[in-house]
Amino acid sequence: MDRSRQRHRRSRVGPCAFEPLEARILLAFTPSGFEPGGSHAAWADYNNDGWTDLSIDGTMFENIPGTGGGRAFRQRRTLGHWGIWGDLNNDGLLDWFTRASPGTVAITEVPGFTYEIRDLPALPETRQSRGAAFADFNGDGWIDLYVGAYEDFPSAYYKDALLLNNQGESFTVHWVQGLDAVVTRGRPRPARGVAAADFDNDGDPDIYTSNYRLEPNGLWVNDGAGNITDQASSRGVSGFAHTIGSSWGDIDSDGNLDLFVGNFSHPGQEPAHFMRNLGPGGGYAFERMDSLDGADWQESYASPSLADYDNDGDLDLLFTTVYPGNAARLYRNDGNWNFTNVTGSEGLGGVTVTYQNAWADYDNDGDLDVIVNGTLYDNDLDNANRWLKVALHGGSGMNATAIGAQVRIRTGGRTYTREVMSSTGEGNGDDHVLHFGLGGASGSVPVEITWPDGTVETFSTTLNRRIDRTRQQAEPGRIIGNLWRDTDGDGVIDGGETRLAGWTVFLDANGNGVLNPGEPQRTTGSQGGYTFADLEAGTYHVDVVVQGGWEMTFPSGGRHVVSLSDGQNVSRHFGFDVTVVPAPLPYSENFNDGSADGLEPVSGAWQENAFGRYEAIGVAGGD
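About the thresholds
Residues numbered from 1 in each chain as written. Predicted model: local features only at pLDDT ≥ 70, side-chain atom pairs only at ≥ 80, totals over all residues. Heavy atoms only, no water. Pairing = 2+ DSSP bridges. Helix = DSSP H or I, 4+ residues; strand = E, 2+ residues; numbered from the N terminus. Axes fitted to C-alpha atoms, helices over the stretch in contact; angles between N-to-C directions. Buried < 20%, exposed > 50% of the residue type's maximum accessible area, 1.4 Å probe, protein only. Patch = residues over 30% accessible without salt bridge, like charges linked within 9 Å, V, L, I, M, F, W, Y side chains within 5 Å. Areas by Shrake-Rupley, 256 points an atom, 1.4 Å probe, with all protein chains shown as cover. Salt bridge = Lys/Arg side-chain N within 4 Å of Asp/Glu carboxyl O. Core = buried A, V, L, I, M, F, W, Y, C linked by side-chain atoms within 4.5 Å. Domains from an automatic or database assignment. Contact = heavy atoms within 4.5 Å. Polar contact = N/O pair within 3.5 Å; in protein donor to acceptor, adjacent residues only side chain to side chain.

**Student:** Break down the sheet that holds strand β18 (residues 206–211) for me, with residues and values.
**Tutor:** A sheet is described by the order of its strands in space; here 4 strands give the open sequence β17-β18-β19-β20, paired in antiparallel fashion. Edge strands, defined here as strands with exactly one partner in the open sheet, are β17 (191–197) and β20 (228–230). Neighbour to neighbour, the strand axes of the sheet diverge by 20° on average, direction disregarded. Strand direction decides the pairing type here: β17 and β18, joined by 5 bridges, are antiparallel.

**Student:** Explain unusual backbone geometry residue by residue, including any values.
**Tutor:** Note the cis peptide between F153 and P154, where omega equals 0°. The omega angle of the peptide bond from F554 to P555 is 0°, so this bond is cis rather than trans. Of note, P555 is situated in the loop between β44 (550–554) and β45 (560–564). You will see that N311, though not glycine, has its phi angle at about 60°, which is positive. Position of N311 relative to the elements: it lies in the loop between β25 (301–307) and β26 (316–321). In this model, D534 sits at a positive phi of 55°, which is unusual for a non-glycine residue. Tracing the chain through its elements places D534 in strand β42 (residues 529–535). Its relative accessible area of 65% is what places D534 among the exposed residues.

**Student:** Explain a nonpolar patch on the surface to me, and be specific about the residues and the numbers.
**Tutor:** A grouping of V182, V183 and F240 is seen on the molecular surface, where their side chains present a nonpolar patch of about 260 Å² in accessible area. Relative to the elements of secondary structure, V182 occurs in the loop between β16 (171–176) and β17. Here V182 falls in the partly exposed class, since its relative accessible area comes to 36%.

**Student:** Explain the pattern of salt bridges to me, and be specific about the residues and the numbers.
**Tutor:** Scanning the entire structure with this criterion turns up 20 salt bridges. Residues E287 and R276 are paired through a salt bridge, measuring 2.8 Å at the closest nitrogen-oxygen approach. Remark: R276 occurs in strand β23 (residues 273–277) and E287 occurs in strand β24 (residues 286–291); sequence separation between them is 11 residues. Classification of E287 by relative accessible area gives partly exposed; the value is 32%. A salt bridge links R414 to D314, with the shortest nitrogen-to-oxygen separation between them at 2.6 Å.

**Student:** Could you give an account of the pairing of strand β31 (residues 375–379), naming the residues involved and the relevant values?
**Tutor:** Counting buried residues along β31, 5 of its 5 residues qualify, which places the element largely inside the surrounding structure. Every second residue of β31 is oriented toward a common face, with T375, Y377 and N379 on one face and L376 and D378 on the other, all of them buried. Looking at chain direction, strand β30 (residues 369–372) and β31 are connected through 3 bridges and run antiparallel. Within the sheet, the bridge partner assigned to I371 lies in β31 and is L376. Hairpin connection between β30 and β31: a loop of 2 residues separates the two successive antiparallel strands, and N373 in this loop has a positive phi of roughly 60°.

**Student:** Explain the nonpolar core residue by residue, including any values.
**Tutor:** Counting 36 residues, the largest nonpolar core has L145, L392 and F436 as its most contacted members. Mapped by element, the contributors of at least two residues to this core are β11 (132–135), β12 (144–147), β15 (161–165), β32 (386–393), β33 (406–411), β35 (434–439) and β36 (444–450). Looking at which domains feed residues into this core, each of domain 1 (41–393) and domain 2 (405–470) supplies at least three. In this structure L392 touches A400, T401, A402, A405, V407, V420, I449, W451 and R469, once residues within four positions along its chain are discounted.

**Student:** Describe the side chain of N379, and please don't skip the residues or the numbers.
**Tutor:** Along the chain, N379 falls in strand β31. Residue classification places N379 among the buried positions, given a relative accessible area of 2%. Looking at N379, its side chain comes within polar contact range of the main-chain oxygen of Y309, at 2.9 Å. A polar contact of 3.2 Å, which involves the side chain of N379, links it to the backbone nitrogen of L381.

**Student:** Give a detailed account of the sheet that holds strand β21 (residues 242–249), specifying residues and quantitative values.
**Tutor:** The 4 strands are arranged β21-β22-β23-β24 in an open sheet whose pairing can be described as antiparallel. In this open sheet, the two edge strands, each paired with only one partner strand, are β21 and β24. The average angle at which neighbouring strand axes cross in this sheet is 25°, direction not considered.

**Student:** For the environment of D363, give the residues involved together with the corresponding values.
**Tutor:** Looking at the element boundaries, D363 is found in the loop between β29 (358–360) and β30. With 311 residues separating them in the primary sequence, D363 and T52 have C-alpha atoms 8.3 Å apart.

Okay, structure coming up:
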């Protein structure tokens, strides 16, 4: 038994050994068309009306006004099989992907609840998929697609595939899984759940695959161009179990995404467990913090999800099961990797045999509700905890709901982190609107958004509200300037000082002070001017190829370092004068007679005079 679990796990099943919680009951109701057992579910506001809608195993339910000021759901149509939501063509409308054997289709929504069906390219051996993830894996501004592949047991396991998006028009198969099974060699590892997130904070999404049949799970680390390598073993998250689904989330509120690995485990096999991300100081490896073993073990744990249902700031765990006699459990996160089983007290007792598990604030009242086992549980939260919802919109050149964006709120000594993800657990999808419980926070809080293109935006906001934020296309910036002969060396362009035409100015990308091939360069015009236009925000080193016989008088550091913001125009000038050199003669030729005279000194500093000869600086000539 895990020692931390022995110390910290507290059961709320049966008589309570601690003070009871205040009433926070998840109230169950079953809208028309919802079926018990309920297969995979995915939330998304697919008609852009501000109310999140729902898909259950491919059947679309629109969130509409109900009686008495409540909400209801109206069945719209069925689109095949389970799937996930994402804006494939950056038109601001959510599209639907489903993988149903034998065909694979992506379904693009256009106004009026109509859909265009597009076949994806042939995926070798990817039948029986139970998980997939959208994210911009190659950083080109268009979300790509990772498709997990399962099995036909015992005869075959199938291969995962990564497809790159061709600007919303089609997909290309970029990568196909190899024969990487460890237990059953000569086969690929069979995947169930697929979850993508940027766990190592390097600006590109990575992929965790929950593999079955005791095969190690995969942590596919992305190089930013869509090339992925499995680093699960070296980072400590491979495991050996029948993993059905896993979930990313900042469980300890330290700014790094942790991982819950949702193992289905027969007696003696590895149980489900919490993995802490060690962050940059630990090379973004993971350490196991707690396991669902001992009295918390159930054989048929299936699909997990992480959500802050009580708005205290900590991500809690809901974990379903699929064997009769087992039941879903809700574990409240009490901080410091301590968890309490609150299933019965919070109204979720008796939820059996389901893979369905997805969270959203469907009624926009500030707390998260959950669909599980064909029943929607309305969170009747009644405490003073504060909250904030952040709805991100990609805007120009980015997918509609900004899949891959991360939001951080730093308050009370903690860093609360959420990421927009397309999928969680096995084939489920939480709402794309990010939800933060903030406990006893008050006043305003700072919000930091890291958009999928790497742009960071910061602002402050009050609490208990939803904020909508759109990523605007960045305006380009410019660096302009002049080169001149600074004859008096004062670093100021004075009247009558000559402008320097035909000189080369360059942006020193590698900071070595030398113009290298490929570095942007400009030649100064007749008035000594140069312009670098259409620049993205960033830091630039502006330098000059100094011509022979000249030296730079301004700036003193030899270059300009410019921190350019979006749309900013910056002026940076360069001053030069002729080079001071030693005289070629041992005397100063003041009288132009070719010989040393009495008042012609033999040492000092020299410069070329108007006659093309050398003169001593600061020494008067004459007989």
